[in-house]
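Chain residues, written in single-letter form:
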Amino acid sequence: MELIAVRHGESVANAALPVADAAGLLAAGVPGRDADVPLSERGRAQALALGEWLAAHAPPDVVLCSPYARARETWALAGAALPASADPPPVRLDERLRDREAGVLELLTMAAIRDRFPDEVARRARVGEFYYRAPGGESFPDVALRLRGVLAEAAGRYAGHRVLG
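Residues numbered from 1 in each chain as written. Predicted model: local features only at pLDDT ≥ 70, side-chain atom pairs only at ≥ 80, totals over all residues. Heavy atoms only, no water.

Enquirer: What am I meant to see in the nonpolar core here?
Expert: Most often, soluble globular proteins have nonpolar side chains that are buried together. Judged by nonpolar contacts, I4, L50, L54, V63, C65, A71, W75, A78, L82 and L164 together constitute the single largest core of 10 residues. Counting only elements with at least two residues in this core, the list comes to α2 (41-56), β2 (62-65) and α3 (69-80). Ranked by residues supplied to this core, first place goes to α3 with three residues. Leaving out residues up to four positions away in the same chain, W75 has contacts with L54, P60, V63, A80, L82, P89, V91 and L164. (Core = buried A, V, L, I, M, F, W, Y, C linked by side-chain atoms within 4.5 Å. Buried < 20%, exposed > 50% of the residue type's maximum accessible area, 1.4 Å probe, protein only. Helix = DSSP H or I, 4+ residues; strand = E, 2+ residues; numbered from the N terminus. Contact = heavy atoms within 4.5 Å.)

Below is the structure:
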């Protein structure tokens, strides 16, 4: 199996949160759930560039995709750039490919976290970013464990195929 690992394009939250954090704001202006955050304009351009790259190389035989809106949007834009003569690859949505769950800290700025969850700030500093798990969220080892399952399954199911994931 050949695996082409791709992260979604820049999302509205990816763009807004660092700006809000730098300004010390309590809100980044990103409403709703993390799973529903769309791509930014830059993210759409990145997705189109991915599609151009894929069109210049061999397109994937199958696409493994997070169900999050930004990941689905990234593939929709990238896939649209493939040659019209090529059969579109099947897309398999897999919940295990979602972003790290932030739990109660979802879409919060650092100022908001310090204001609402000061004990969590101290706990994160104590255990370190790698092992930190917010209430209702995941640590990086949690993410690695679920991704390991995706990779093992894909290696068996898609042996000999080019997989975009």
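Enquirer: Any chance you could explain the sheet that holds strand β3 (residues 91-93) here in plain terms?
Expert: To summarise the sheet geometry, strands pair through backbone hydrogen bonds and adopt either a parallel or an antiparallel arrangement. Taken in spatial order, the four strands line up as β1-β4-β2-β3 in an open sheet, and their pairing is parallel. Every other strand in the sheet has two partners, leaving β1 (2-4) and β3 as the edge strands with one partner each. Between one strand axis and the next, the sheet turns by 25° as a mean value, whatever way the strands run. Summarising the sheet, β1 and strand β4 (residues 162-164) pair through three bridges and their orientation is parallel. Paired with E2 across the two strands is R162, which belongs to β4. Strand contacts of α3: β2, β3 and β4, with the helix running at about 160° to β2, the strand carrying the most contacts. (Pairing = 2+ DSSP bridges. Axes fitted to C-alpha atoms, helices over the stretch in contact; angles between N-to-C directions.)

Enquirer: What is the right way to look at α3 in this model?
Expert: Every α-helix carries 3.6 residues per turn, so stepping three or four residues along brings you back to the same face. Helix length check: α3, at 12 residues, gives a terminal C-alpha distance of 16 Å against a target of 16 Å (1.5 Å per residue), a fit within 8%. By the burial criterion, the buried members of α3 are A69, R70, A71, T74, W75 and A78. Among the structural elements, α2, β2, β3 and β4 are those in contact with the buried residues of α3. (Expected span 1.5 Å × (residues − 1).)

Enquirer: Looking at this structure, I do not really get a nonpolar patch on the surface. What am I missing?
Expert: Where nonpolar side chains cluster on the molecular surface, the patch consists of V127, F130, Y131 and F140 and spans about 410 Å² of accessible area. Examined against the element boundaries, Y131 turns out to sit in the loop between α5 (118-127) and α6 (140-157). Note on Y131: relative accessible area 57%, which makes it exposed. (Patch = residues over 30% accessible without salt bridge, like charges linked within 9 Å, V, L, I, M, F, W, Y side chains within 5 Å. Areas by Shrake-Rupley, 256 points an atom, 1.4 Å probe, with all protein chains shown as cover. Salt bridge = Lys/Arg side-chain N within 4 Å of Asp/Glu carboxyl O.)

Enquirer: How should I be thinking about the packing of aromatic side chains in this particular structure?
Expert: The description of an aromatic ring pair uses the distance of the two centres, along with the angle that the planes make with each other. Inspection of the entire model under this criterion finds two aromatic pairs. Measuring from ring centre to ring centre gives 4.9 Å for F130 and Y131, while their planes differ by 90°; the resulting arrangement is edge-to-face. Judged by relative accessible area, F130 falls into the partly exposed class, the value being 46%. When the ring of F130 is compared with that of F140, the centres are 6.2 Å apart and the planes differ by 20°; the resulting orientation is stacked. Taken together, the residues F130 in the loop between α5 and α6 and F140 in helix α6 connect sequence positions 10 residues apart. By the ring-pair criterion, three or more aromatic residues cluster together here, those being F130, Y131 and F140. Of note, R100 hangs over the ring of F140, and the distance from its end group to the ring centre comes to 4.0 Å. (Phe/Tyr/Trp six-rings, centres within 6.5 Å; stacked < 30°, edge-to-face > 60°. Lys NZ or Arg CZ within 6 Å of the ring centre and 35° of its normal.)

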